[in-house]
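What follows is the residue order along each chain.
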Amino acid sequence: MELRQLEYFVAVAEERNFTRAAERVHISQSGVSAQIRQLERELGAELFDRSARTVALTVAGRAALEHARAALAAVGAIGRSVDEVTDLIRGRLTVGMVVGCTLTPLFEALAAFHEAHPGVEISLLEDSSDRLTEGVRTGAVDLALIGTATAAPDGLHALTIISERLVAAVPPGHPLAKQRRVTLSDLTAHPIVCMPPGTGLRAVFDQACAAQHLHPSIAMQAGAADAIADLAARGLGVAVLSESMAATHRDRLTARTIDDVEAPALLALIWKSPHIPAVRELLAHSRRSFAGLPATQGQEAAYVSGEGVQEVNFR
């Protein structure tokens, strides 16, 4: 009995089709069929009922499946344990980053990690925060930088990078620009321009409105802070942004902190398992990259460069 036979057996059982299983393990269908037949001869029982269009497990196959999965998992665990003891980092690391968020310290961490572990292939995936979070949960993404309304999404670990209050940003002549204090109820008298659902900043805004039973008129939505600022500057609505987003447009927009929205919008690194060596190493590099940045509202770090506060998209 060979490990590859168990791998092919599990693939056919999960795909319920020899052709799809062959595509999954990257060999020919005839090769998969031959190895399964060999495994069945060794076990002395048929594992699959091949009489129907869809391949089904026999009673013997169902009995063998969980043991086959456990054997493959054990082999993987052996490799990871050896890697941890020998500090050998290899394989592939998929890093997620919210669309449009160019955070220099993250890139510095990736560069330092690559220099220290050139044997690891790094893939960078841009997507919305919701989809990246789901990717981390399913294991498709190892580590992701997301915008979020909670310190740590359920079931995941998190390192908060930025924590900022929400602001209303309007042109200088707008009525809200003349007010010293702005509340959520003040905003509901005007059309709103903000990020779409599924983004961290929008989640904070929606939750705050729901808590006060307010129903704001969302006039326009855009996925980039620059676009939201441009729309607001042209009088198409009140922009709802984070403090640093609005700060980059102070030459044309007046920002007022929304007084009764105390929950901050967060930018955070999230991951599922701290026991994967490559993830652990990248986190160590990330912490070093962000360590020199000043704290924001008691959180781990803010994003500030020599040119001032940089725009961050909490998506």
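About the criteria used
Residues numbered from 1 in each chain as written. Predicted model: local features only at pLDDT ≥ 70, side-chain atom pairs only at ≥ 80, totals over all residues. Heavy atoms only, no water. Salt bridge = Lys/Arg side-chain N within 4 Å of Asp/Glu carboxyl O. Helix = DSSP H or I, 4+ residues; strand = E, 2+ residues; numbered from the N terminus. Buried < 20%, exposed > 50% of the residue type's maximum accessible area, 1.4 Å probe, protein only. Phe/Tyr/Trp six-rings, centres within 6.5 Å; stacked < 30°, edge-to-face > 60°.

1. Overview of the pattern of salt bridges
Taken as a whole, this structure holds 12 salt bridges when the rule is applied. With its nearest N and O atoms 3.2 Å apart, the salt bridge here joins R69 to E14. Of the two residues, R69 is situated in helix α4 (residues 59–86) and E14 in helix α1 (residues 3–15); the sequence distance between them amounts to 55 residues. When the shortest N-O distance is used, the salt bridge between E40 and R37 registers 3.5 Å. With a gap of three residues between them, E40 and R37 both fall in helix α3 (residues 29–43), about one helical turn apart. The buried category is assigned to E40, whose relative accessible area is 6%.

2. Description of the side chain of H190
The topology assignment puts H190 in the loop between α7 (184–187) and β8 (192–194). Residue classification places H190 among the buried residues on the basis of a relative accessible area of 19%.

3. Points about the packing of aromatic side chains
Counted according to the given criterion, the structure contains two aromatic pairs. A centroid spacing of 5.9 Å and a plane angle of 70 degrees characterise the contact between F18 and F48, whose relative ring orientation is edge-to-face. Here F18 is found in helix α2 (residues 18–25), whereas its partner F48 is found in strand β1 (residues 48–49), with 30 residues between them in sequence. This pair shows no difference in class: F18 is buried, exactly as F48 is.

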